[in-house]
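# Chains, contacts and geometry: an overview
Given next are the chains, with one letter for each unit.
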Amino acid sequence: MVPKIFSGSANRPLAEKVCQLLEVKLSPLEIHVFPDGEKRVRVVDRVLDQQCVVIQSTSIPAADNYMELFFIIDALKRSGAKSVTAVIPYLGYQRQDHIFKDGEAVSLDVVVKALEAAGATKIITFDLHTIKIPELFNIPVTHLSALPLFASKIDKAGAVLISPDMGGIRRIKIISELLGNMPYATVAKDRDLDSGEVAATKIEGEVSKIAIIVDDMISSGKTITMGAKLLKENGAEEVIAMATHAVFSEGAAKVLQDSVISKVIVTDSIEIAEDKKFEKLEIVSIAGEIAKEIKA
Ligand code: R5P
(Lines give C-alpha, C1' and ligand atoms only; values in the text may rest on other atoms or scores of the structure.)
Protein backbone atom coordinates (compact mmCIF):
# COMPACT_ATOMS: atom_id res chain seq x y z
CA MET A 1 0.00 0.00 0.00
CA VAL A 2 1.25 3.50 -0.85
CA PRO A 3 1.95 5.46 2.37
CA LYS A 4 0.34 8.79 3.14
CA ILE A 5 2.34 11.56 1.48
CA PHE A 6 2.78 15.03 2.96
CA SER A 7 4.65 18.04 1.65
CA GLY A 8 6.46 20.87 3.36
CA SER A 9 6.33 24.26 1.66
CA ALA A 10 9.82 24.14 0.11
CA ASN A 11 8.99 22.09 -3.00
CA ARG A 12 5.28 21.38 -3.30
CA PRO A 13 5.29 20.98 -7.11
CA LEU A 14 7.70 18.04 -6.78
CA ALA A 15 5.53 16.43 -4.08
CA GLU A 16 2.46 16.88 -6.30
CA LYS A 17 4.25 15.23 -9.24
CA VAL A 18 5.23 12.28 -7.03
CA CYS A 19 1.61 11.91 -5.89
CA GLN A 20 0.38 12.05 -9.48
CA LEU A 21 2.74 9.24 -10.43
CA LEU A 22 1.64 7.18 -7.44
CA GLU A 23 -2.01 8.02 -8.15
CA VAL A 24 -2.63 9.25 -4.61
CA LYS A 25 -3.66 12.61 -3.22
CA LEU A 26 -1.21 14.72 -1.23
CA SER A 27 -2.37 14.52 2.41
CA PRO A 28 -3.31 17.90 3.88
CA LEU A 29 -1.24 19.73 6.46
CA GLU A 30 -1.95 23.06 8.10
CA ILE A 31 1.16 25.23 8.08
CA HIS A 32 0.50 28.56 9.70
CA VAL A 33 3.12 31.32 9.74
CA PHE A 34 2.87 33.74 12.68
CA PRO A 35 3.70 37.43 12.19
CA ASP A 36 7.16 36.84 13.72
CA GLY A 37 7.91 34.10 11.17
CA GLU A 38 7.47 31.17 13.55
CA LYS A 39 5.44 28.27 12.16
CA ARG A 40 2.69 26.09 13.58
CA VAL A 41 2.19 22.73 11.90
CA ARG A 42 -0.90 20.54 12.27
CA VAL A 43 -1.70 17.14 10.77
CA VAL A 44 -5.31 17.15 9.60
CA ASP A 45 -5.87 13.52 8.56
CA ARG A 46 -5.82 10.48 10.85
CA VAL A 47 -2.35 8.87 10.63
CA LEU A 48 -2.52 6.46 13.57
CA ASP A 49 -0.42 3.35 12.82
CA GLN A 50 0.11 4.51 9.24
CA GLN A 51 3.28 4.78 7.21
CA CYS A 52 3.90 8.41 6.30
CA VAL A 53 6.23 10.18 3.91
CA VAL A 54 7.09 13.85 4.05
CA ILE A 55 8.75 15.57 1.10
CA GLN A 56 10.76 18.68 1.90
CA SER A 57 13.89 20.12 0.30
CA THR A 58 16.08 21.94 2.76
CA SER A 59 17.22 24.54 0.27
CA ILE A 60 17.27 28.34 0.72
CA PRO A 61 16.14 29.33 3.37
CA ALA A 62 17.70 26.16 4.75
CA ALA A 63 17.13 26.88 8.44
CA ASP A 64 13.42 27.68 7.96
CA ASN A 65 12.87 24.66 5.77
CA TYR A 66 14.61 22.39 8.26
CA MET A 67 12.53 23.75 11.15
CA GLU A 68 9.35 23.16 9.17
CA LEU A 69 10.45 19.60 8.39
CA PHE A 70 11.22 18.89 12.07
CA PHE A 71 7.75 20.16 13.05
CA ILE A 72 6.00 18.06 10.38
CA ILE A 73 7.85 14.93 11.50
CA ASP A 74 7.05 15.70 15.15
CA ALA A 75 3.37 16.34 14.36
CA LEU A 76 3.13 13.02 12.50
CA LYS A 77 4.82 11.08 15.31
CA ARG A 78 2.64 12.70 17.98
CA SER A 79 -0.41 11.81 15.90
CA GLY A 80 0.60 8.16 16.07
CA ALA A 81 2.28 7.60 12.67
CA LYS A 82 3.92 4.17 12.54
CA SER A 83 6.86 5.45 10.50
CA VAL A 84 7.95 8.74 8.97
CA THR A 85 10.19 8.69 5.92
CA ALA A 86 11.68 12.09 5.17
CA VAL A 87 12.28 12.56 1.45
CA ILE A 88 14.85 15.36 1.40
CA PRO A 89 15.72 15.71 -2.31
CA TYR A 90 18.31 18.36 -1.45
CA LEU A 91 19.89 17.93 1.97
CA GLY A 92 20.92 21.38 3.18
CA TYR A 93 24.16 21.87 5.14
CA GLN A 94 25.67 18.76 3.53
CA ARG A 95 28.85 20.57 2.58
CA GLN A 96 29.67 21.09 6.29
CA ASP A 97 29.91 17.35 6.96
CA HIS A 98 33.27 17.47 8.70
CA ILE A 99 35.67 19.92 10.31
CA PHE A 100 37.61 21.87 7.68
CA LYS A 101 39.33 24.20 10.17
CA ASP A 102 39.84 23.78 13.92
CA GLY A 103 36.97 25.05 16.01
CA GLU A 104 34.22 24.61 13.43
CA ALA A 105 30.82 23.02 14.03
CA VAL A 106 29.91 19.93 12.04
CA SER A 107 26.61 21.49 10.96
CA LEU A 108 25.36 18.42 9.14
CA ASP A 109 25.83 16.28 12.26
CA VAL A 110 23.60 18.68 14.22
CA VAL A 111 20.95 18.48 11.49
CA VAL A 112 21.13 14.67 11.45
CA LYS A 113 20.63 14.49 15.22
CA ALA A 114 17.67 16.86 15.00
CA LEU A 115 16.01 14.80 12.23
CA GLU A 116 16.40 11.64 14.30
CA ALA A 117 15.25 13.33 17.51
CA ALA A 118 12.14 14.67 15.76
CA GLY A 119 11.24 11.09 14.85
CA ALA A 120 12.27 10.45 11.25
CA THR A 121 12.60 6.70 10.70
CA LYS A 122 14.15 6.76 7.22
CA ILE A 123 15.69 9.28 4.83
CA ILE A 124 15.54 9.31 1.04
CA THR A 125 17.83 11.83 -0.60
CA PHE A 126 19.70 12.58 -3.83
CA ASP A 127 23.28 13.04 -4.96
CA LEU A 128 24.94 13.77 -1.65
CA HIS A 129 28.14 15.74 -1.66
CA THR A 130 30.07 12.72 -0.32
CA ILE A 131 29.18 9.05 0.02
CA LYS A 132 30.26 9.16 3.70
CA ILE A 133 27.24 11.30 4.66
CA PRO A 134 24.80 8.39 5.23
CA GLU A 135 27.20 7.11 7.93
CA LEU A 136 26.34 10.12 10.09
CA PHE A 137 22.78 8.76 10.45
CA ASN A 138 21.58 6.01 12.78
CA ILE A 139 18.48 5.46 10.63
CA PRO A 140 18.45 4.01 7.10
CA VAL A 141 19.35 6.39 4.29
CA THR A 142 18.53 5.69 0.65
CA HIS A 143 20.92 7.66 -1.51
CA LEU A 144 19.41 8.11 -4.98
CA SER A 145 21.04 9.75 -7.98
CA ALA A 146 20.06 11.88 -10.95
CA LEU A 147 23.15 10.74 -12.87
CA PRO A 148 21.24 8.14 -14.94
CA LEU A 149 18.81 10.91 -15.95
CA PHE A 150 21.73 13.10 -17.03
CA ALA A 151 23.38 10.18 -18.84
CA SER A 152 20.22 9.73 -20.91
CA LYS A 153 20.56 13.33 -22.13
CA ILE A 154 24.19 13.02 -23.26
CA ASP A 155 25.24 12.60 -26.86
CA LYS A 156 28.71 11.07 -26.65
CA ALA A 157 29.85 12.11 -30.13
CA GLY A 158 32.82 14.47 -29.88
CA ALA A 159 32.19 15.00 -26.18
CA VAL A 160 34.13 14.61 -22.95
CA LEU A 161 32.78 14.54 -19.38
CA ILE A 162 34.28 17.05 -17.00
CA SER A 163 34.52 16.97 -13.24
CA PRO A 164 34.60 20.58 -12.04
CA ASP A 165 36.93 19.64 -9.18
CA MET A 166 38.81 16.68 -7.73
CA GLY A 167 35.94 15.96 -5.31
CA GLY A 168 33.59 15.32 -8.23
CA ILE A 169 35.61 12.56 -9.91
CA ARG A 170 33.57 9.78 -8.23
CA ARG A 171 30.41 11.14 -9.88
CA ILE A 172 32.09 11.51 -13.25
CA LYS A 173 33.35 7.92 -13.13
CA ILE A 174 29.78 6.70 -12.49
CA ILE A 175 28.32 8.62 -15.43
CA SER A 176 31.27 7.65 -17.65
CA GLU A 177 30.57 3.98 -16.86
CA LEU A 178 26.86 4.42 -17.55
CA LEU A 179 27.88 5.71 -20.98
CA GLY A 180 30.25 2.86 -21.83
CA ASN A 181 33.39 4.42 -20.36
CA MET A 182 33.00 7.81 -21.95
CA PRO A 183 36.25 9.81 -21.62
CA TYR A 184 36.56 12.34 -18.83
CA ALA A 185 38.86 15.10 -17.63
CA THR A 186 39.05 17.18 -14.45
CA VAL A 187 39.32 20.87 -13.64
CA ALA A 188 41.73 21.53 -10.81
CA LYS A 189 40.02 24.03 -8.48
CA ASP A 190 41.25 25.94 -5.45
CA ARG A 191 38.83 27.26 -2.84
CA ASP A 192 39.83 29.80 -0.19
CA LEU A 193 38.34 28.38 3.02
CA ASP A 194 37.89 31.84 4.57
CA SER A 195 36.33 33.74 1.69
CA GLY A 196 34.84 30.76 -0.19
CA GLU A 197 36.34 32.19 -3.41
CA VAL A 198 37.17 29.60 -6.05
CA ALA A 199 39.72 29.56 -8.86
CA ALA A 200 39.92 27.06 -11.71
CA THR A 201 43.63 26.51 -12.22
CA LYS A 202 44.20 23.83 -14.89
CA ILE A 203 42.61 20.96 -16.80
CA GLU A 204 43.85 17.46 -16.13
CA GLY A 205 43.11 15.28 -19.17
CA GLU A 206 42.10 15.79 -22.80
CA VAL A 207 39.48 18.37 -23.77
CA SER A 208 37.19 17.59 -26.78
CA LYS A 209 34.95 19.77 -28.94
CA ILE A 210 32.04 19.44 -26.51
CA ALA A 211 32.72 19.52 -22.77
CA ILE A 212 29.99 18.35 -20.39
CA ILE A 213 30.53 19.40 -16.80
CA VAL A 214 28.63 17.34 -14.24
CA ASP A 215 28.39 18.51 -10.63
CA ASP A 216 26.26 17.80 -7.57
CA MET A 217 25.12 21.38 -7.08
CA ILE A 218 25.35 24.92 -8.38
CA SER A 219 25.28 27.60 -5.69
CA SER A 220 26.98 30.84 -6.75
CA GLY A 221 27.71 29.33 -10.18
CA LYS A 222 31.40 30.22 -9.87
CA THR A 223 32.78 26.66 -9.91
CA ILE A 224 30.98 25.77 -13.11
CA THR A 225 31.44 29.06 -14.99
CA MET A 226 35.15 29.34 -14.16
CA GLY A 227 35.66 25.74 -15.21
CA ALA A 228 33.73 26.41 -18.43
CA LYS A 229 35.89 29.43 -19.24
CA LEU A 230 39.06 27.41 -18.74
CA LEU A 231 37.66 24.62 -20.92
CA LYS A 232 36.98 27.10 -23.72
CA GLU A 233 40.51 28.45 -23.39
CA ASN A 234 41.72 24.87 -23.71
CA GLY A 235 39.91 24.06 -26.94
CA ALA A 236 36.28 23.24 -26.09
CA GLU A 237 33.87 24.74 -28.63
CA GLU A 238 30.78 24.13 -26.52
CA VAL A 239 30.35 23.67 -22.78
CA ILE A 240 27.20 22.15 -21.28
CA ALA A 241 26.65 21.99 -17.51
CA MET A 242 24.58 19.46 -15.56
CA ALA A 243 24.01 19.54 -11.82
CA THR A 244 21.49 17.78 -9.61
CA HIS A 245 20.79 20.61 -7.17
CA ALA A 246 19.97 24.12 -8.39
CA VAL A 247 20.83 25.84 -5.12
CA PHE A 248 21.12 29.13 -7.07
CA SER A 249 22.19 31.61 -4.41
CA GLU A 250 21.79 35.35 -5.09
CA GLY A 251 23.05 36.34 -8.54
CA ALA A 252 23.69 32.77 -9.79
CA ALA A 253 21.10 32.92 -12.57
CA LYS A 254 22.79 35.94 -14.15
CA VAL A 255 26.27 34.48 -13.70
CA LEU A 256 25.14 31.32 -15.52
CA GLN A 257 23.16 33.05 -18.27
CA ASP A 258 26.06 35.46 -18.99
CA SER A 259 28.66 32.67 -19.01
CA VAL A 260 30.22 30.76 -21.93
CA ILE A 261 28.04 27.75 -21.05
CA SER A 262 25.43 26.99 -23.71
CA LYS A 263 23.00 24.96 -21.60
CA VAL A 264 22.51 24.36 -17.86
CA ILE A 265 20.56 21.20 -17.01
CA VAL A 266 19.40 20.74 -13.41
CA THR A 267 16.73 18.71 -11.63
CA ASP A 268 13.69 19.80 -9.64
CA SER A 269 15.22 18.61 -6.34
CA ILE A 270 14.88 22.29 -5.43
CA GLU A 271 11.97 24.42 -6.61
CA ILE A 272 13.39 27.23 -8.75
CA ALA A 273 11.63 30.57 -8.31
CA GLU A 274 10.52 32.24 -11.55
CA ASP A 275 13.03 35.09 -11.07
CA LYS A 276 15.86 32.53 -10.89
CA LYS A 277 14.99 30.89 -14.19
CA PHE A 278 16.95 31.88 -17.30
CA GLU A 279 17.02 31.10 -21.00
CA LYS A 280 19.82 28.52 -20.92
CA LEU A 281 18.15 26.56 -18.11
CA GLU A 282 16.54 23.15 -18.57
CA ILE A 283 14.91 21.26 -15.70
CA VAL A 284 14.49 17.48 -15.57
CA SER A 285 12.32 15.84 -12.93
CA ILE A 286 13.37 13.35 -10.27
CA ALA A 287 9.72 12.70 -9.32
CA GLY A 288 9.80 9.29 -11.06
CA GLU A 289 12.80 8.14 -9.00
CA ILE A 290 11.12 9.25 -5.76
CA ALA A 291 7.81 7.58 -6.67
CA LYS A 292 9.62 4.33 -7.53
CA GLU A 293 11.48 4.36 -4.20
CA ILE A 294 8.33 5.09 -2.18
CA LYS A 295 6.56 2.17 -3.87
CA ALA A 296 9.49 -0.23 -3.44
C1 R5P B 1 31.85 21.70 -4.30
O2 R5P B 1 32.69 20.91 -3.94
C3 R5P B 1 30.55 21.32 -4.93
O4 R5P B 1 30.61 20.05 -5.53
C5 R5P B 1 30.11 22.35 -5.95
O6 R5P B 1 31.04 22.37 -7.01
C7 R5P B 1 30.06 23.72 -5.34
O8 R5P B 1 29.42 23.66 -4.10
C9 R5P B 1 29.35 24.68 -6.23
O10 R5P B 1 29.33 25.92 -5.61
P11 R5P B 1 29.42 27.26 -6.42
O12 R5P B 1 28.37 27.20 -7.48
O13 R5P B 1 29.14 28.33 -5.39
O14 R5P B 1 30.79 27.38 -6.97
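Structure report, in brief. All residue numbers here refer to positions counted from 1 along the written sequence of the relevant chain. In keeping with the model being predicted, local features are shown solely for residues with a pLDDT of at least 70 and side-chain atom pairs are shown and tallied solely at 80 or more, while totals for entire chains, interfaces and linings include all residues. Side-chain numbers come from the whole structure's heavy atoms, not from hydrogens or water.

With an omega dihedral of -5°, the bond running from Ile60 to Pro61 counts as a cis peptide bond. Counting through the fold element by element, Pro61 comes out in the loop between β4 (51–55) and α2 (62–78). In this model, Glu23 sits at a positive phi of 55°, which is unusual for a non-glycine residue. For Asn181, which is not glycine, the phi dihedral falls at a positive 60°. As for its placement among the helices and strands, Asn181 is situated in the loop between α5 (169–178) and β9 (184–191). Secondary structure elements follow DSSP: runs of H or I no shorter than four residues count as helices, runs of E no shorter than two count as strands, and numbering proceeds from the N terminus.

Looking now at the packing of aromatic side chains. Two rings from Phe, Tyr or Trp (for Trp, the six-membered ring) form a pair when their centres sit within 6.5 Å of each other. Planes less than 30 degrees apart are called stacked, planes more than 60 degrees apart edge-to-face, and all others tilted. Scanning the entire structure with this criterion turns up three aromatic pairs. Note on Tyr66 and Phe70: the rings are 5.8 Å apart at their centroids and 25° apart in plane angle, and the pair reads as stacked. Note that Tyr66 and Phe70 are positioned in helix α2 at a spacing of four residues, about one turn of the helix. With a centroid separation of 5.9 Å and an interplanar angle of 45°, the aromatic rings of Phe248 and Phe278 are classed as tilted. Remark: Phe278 occurs in the loop between β13 (263–267) and β14 (281–284) and Phe248 occurs in the loop between β12 (238–246) and α7 (252–257); sequence separation between them is 30 residues. Accessible area is worked out with a 1.4 Å probe on protein chains only. A residue is then buried under 20% of its type maximum, exposed over 50%, and partly exposed in between. The class of Phe248 is buried, set by a relative accessible area of 1%. For Phe278, a relative accessible area of 10% translates into the label buried. Among the aromatic residues, ring-to-ring pairing joins Tyr66, Phe70 and Tyr93 into one connected group.

All right, on to the packing of helix α1 (residues 12–22) against helix α8 (residues 287–295) then. At their nearest, the axes of α1 and α8 sit 9 Å apart, and the two run at 55° to each other. The orientation of α1 relative to α8 falls into the category oblique. Crossing hand, α1 versus α8: right-handed. Within the contact between the two elements, α1 uses Leu14, Lys17, Val18, Leu21 and Leu22 and α8 uses Ala287, Gly288, Ile290, Ala291, Ile294 and Lys295. Residues of the contact of α1 with α8, tallied by class, amount to eight nonpolar, one polar and two charged. Helix axes use the C-alpha atoms of the stretch in contact, all axes being lines fitted to C-alpha atoms, and the angles between their N-to-C directions lie in the range 0 to 180 degrees. Note that the term roughly parallel is reserved for angles under 35 degrees, roughly antiparallel for angles over 145, roughly perpendicular for angles of 65 to 115, and oblique for everything else. It is the rotation of the near helix from the far one that decides the hand of a crossing: anticlockwise by less than a right angle makes it left-handed, clockwise makes it right-handed. A contact between two residues is defined here by any heavy atoms of the two lying within 4.5 Å. Nonpolar residues are Ala, Val, Leu, Ile, Met, Phe, Trp, Tyr, Cys and Pro. Charged residues are Asp, Glu, Lys and Arg, and all others, Gly as well, are polar.

This paragraph deals with the sheet that holds strand β10 (residues 198–204). Here, any two strands with at least 2 DSSP bridges between them count as paired. Ordered in space as β10-β9-β8-β11-β12-β13-β14, the seven strands form an open sheet in which the pairing is mixed. Each of the sheet's edge strands pairs with one partner strand only, and the pair in question is β10 and β14. Neighbour-to-neighbour, the strand axes of the sheet open up by a mean angle of 25°, direction not taken into account. Set on the sheet, α5 makes contact with β8 (159–163), β9 and β11 (210–218); between it and β8 the angle comes to about 150°. Packed onto the sheet, helix α6 (residues 222–233) meets β8, β9, β10, β11 and β12 and runs at close to 40° relative to β10.

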